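Observations on chain architecture
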Amino acid sequence: MTNDIHVDHLYFRYHEQAPYVLHDISLTVKQGEWLTILGHNGSGKSTLARFFNALHVPKEGKVISCGIDTKHANEWVNIRRQVAMVFQNPDNQIVAPTVEDDVAFGLENAGIPYEEMHERVYRSIERLGLRGLETQEPHRLSGGQKQRVALAGALALRPKVIVLDEATSMLDPTGRIEVLSMVEKLRKEENITIITITHDVTEAMLADRIIVLHEGSMAYEGTPDEILSDENALRKVGLRAPFIVQMANELKRQQVPLPNGVLSHEELVTSLCKLKPIT
Ligand SMILES: Nc1ncnc2c1ncn2[C@@H]1O[C@H](COP(=O)(O)OP(=O)(O)O)[C@@H](O)[C@H]1O
Ligand SMILES: [Mg+2]
């Protein structure tokens, strides 16, 4: 069975008379890939994400998640177990009085036997670096720790795909790095497909591939190098290139011979250091 997600000519509107908020979306997310869906507020990202795990089901078009057509209502529970979601506000996702109970919550609902549940909860807590916090109240944790608890709860369900819908946007920079590095680890070590949804161009750098949504349509698709270095293209969809990209482009306009695709501080510094000194 394939663990890919396929979206085929998907159109969607919230009500019969309302305008379409998704227009002819077709995409595939491959197993083990990190895809970012990037777009400004209201571009349709969250709406699209809800199709991946059958929270929305197509009337026009088709969505196949992990080999299952999401139109089959008897498969929704199964699909939601395989495609886990982590949302923006960590406080809204806390359901239990302790970290370990919170991580176990989804497993209890899924009727997993106690022994196995115990093992899965402790393994997930370990994987997300939460050892020592098992009996803490989730509300007392930092934002980054809370989102790691949410990720641990998702991981315990042994999903094929984790979708993070703006899951770092309420965190401070430390919390953001904390969560994103865990996401990278899960992808590498567990081969879990990652879909991050964001309006943050800096966060989009981390993905293998970016799809840019604009007014419910797919505006661009490509690697972070291709998408984020094109300031004009980003401007057309209401986004600004990352600061480093703007700076590198400005240096190039000033005849500094930098290579294409400079996205990070490190790349910029390394490229500048490689230049011959002006004599
Ligand atoms: N429950 C809803 N009912 C009606 N319209 C909605 C609902 N949720 C979102 N929308 C509309 O759909 C469009 C896309 O919203 P959304 O998917 O939340 O975008 P994003 O996640 O990119 O900010 C917006 O115009 C928004 O107002
Ligand atoms: Mg959203």
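Everything below is about the structure printed above this text.
Residues numbered from 1 in each chain as written. Chains lettered and ligands numbered in written order. Predicted model: local features only at pLDDT ≥ 70, side-chain atom pairs only at ≥ 80, totals over all residues. Heavy atoms only, no water.

A few points about the sheet that holds strand S7 (residues 161-165)
The cut-off we apply is this: Between any two strands, pairing holds if DSSP finds at least two bridges. Going along the chain from the N terminus, every DSSP run of H or I of four or more residues is numbered as a helix, and every run of E of two or more is numbered as a strand. Only the stretch in contact is used when a helix axis is fitted, and all axes are lines through C-alpha atoms; the angle between N-to-C directions ranges over 0 to 180 degrees. Pairs of residues are marked as contacts when any of their non-hydrogen atoms sit within 4.5 Å.
In space, the six strands of this open sheet follow the order S6-S7-S8-S3-S9-S10, with mixed pairing throughout. Each edge of the open sheet carries a strand with a single partner, namely strand S6 (83-86) and strand S10 (217-222). The mean angle between the axes of side-by-side strands here comes to 20 degrees, regardless of whether they run parallel or antiparallel. One ladder, built from five bridges, connects strand S3 (residues 34-38) with strand S8 (residues 193-198); its direction is parallel. When the bridges of S8 are listed, Leu 35 appears paired with Ile 195. Across the face of the sheet, helix H5 (residues 143-156) comes into contact with S6 and S7 while running at roughly 170 degrees to S6. Here helix H6 (residues 173-190) sits on the sheet in contact with S3, S7 and S8, set at roughly 140 degrees to S3.

Thoughts on empty space enclosed by the protein
Our working rule: A 1.4 Å probe that fits into a set of points on a 1 Å grid over the protein atoms alone but cannot get out defines a cavity; an open set with protein on both sides within 12 Å along at least five of seven lines defines a pocket, and lining residues are those with an atom within 4 Å of a point. Grid points are joined across faces, edges and corners, and a volume is the space filled by probe spheres set on the points. All residues other than Ala, Val, Leu, Ile, Met, Phe, Trp, Tyr, Cys, Pro, Asp, Glu, Lys and Arg, Gly among them, are scored as polar; the first ten of these are nonpolar and the last four charged.
Counting across every chain of the model gives one cavity of 30 Å³ or more. Empty space within the largest cavity amounts to approximately 30 Å³. Counting residues per element, the ones that place at least two in the lining of the largest cavity are H6 and S8. Sort the elements by how many residues they give to the lining of the largest cavity and H6 lands first, with three residues. Looking at the lining of the largest cavity residue by residue, the class counts come to six nonpolar, two polar and two charged.

Here we look at helix H10 (residues 243-253)
Which entries qualify depends on this criterion: Think of it in three bands: residues with accessible area under 20% of the maximum for their type are buried, residues over 50% are exposed, and the middle band is partly exposed, with areas taken using a 1.4 Å probe on protein chains only. An arc is given here, and it is the one of the directions from the helix axis to the C-beta atoms.
Along H10, the residues that are buried comprise Ile 244, Val 245, Ala 248 and Asn 249. Viewed end-on, H10 has its buried residues packed into an arc of 130 degrees, placing them on one side of the element. In this structure, H10 carries Phe 243 and Arg 253 as exposed residues pointing more than 90 degrees from its buried face. The elements touched by buried residues of H10 are helix H8 (224-228), helix H9 (231-236) and helix H11 (265-274). Just beyond H10, the residue with positive phi is Gln 255, at close to 70 degrees.

Things to note about the site of ligand 1
Stated precisely, the cut-off is as follows: A cutoff of 4 Å decides nearness: a residue is near a molecule or strand if any of its heavy atoms lies inside that distance of it. Here a polar contact is recorded for every N or O atom pair within 3.5 Å, except that within protein the pair must consist of a potential hydrogen donor and a potential acceptor, and residues adjacent in sequence are included only if both atoms are side-chain atoms. All accessible-area figures derive from a Shrake-Rupley calculation using a 1.4 Å probe, and residue coverage is judged against the displayed protein chains alone.
Taken together, the residues surrounding ligand 1 are Tyr 14, Val 21, His 40, Asn 41, Gly 42, Ser 43, Gly 44, Lys 45, Ser 46 and Thr 47. A distance of 3.2 Å separates an oxygen atom of ligand 1 from a polar side-chain atom of Asn 41. Between an oxygen atom of ligand 1 and a side-chain N or O atom of Ser 46, the distance comes to 2.9 Å. Relative to its unbound accessible surface of 560 Å², ligand 1 loses 57% to contact with the protein. In terms of residue class, the shell around ligand 1 is made up of two nonpolar, seven polar and one charged.

Details of unusual backbone geometry
We note that His 9 has phi near 45 degrees; this positive angle belongs to a residue other than glycine. Relative to the assigned elements, His 9 resides in strand S1 (residues 5-12). For His 9, a relative accessible area of 44% corresponds to the partly exposed category. Look at Gln 255: it is not a glycine, yet its phi comes out positive at around 70 degrees. Residue placement: Gln 255 occurs in the loop between H10 and H11.

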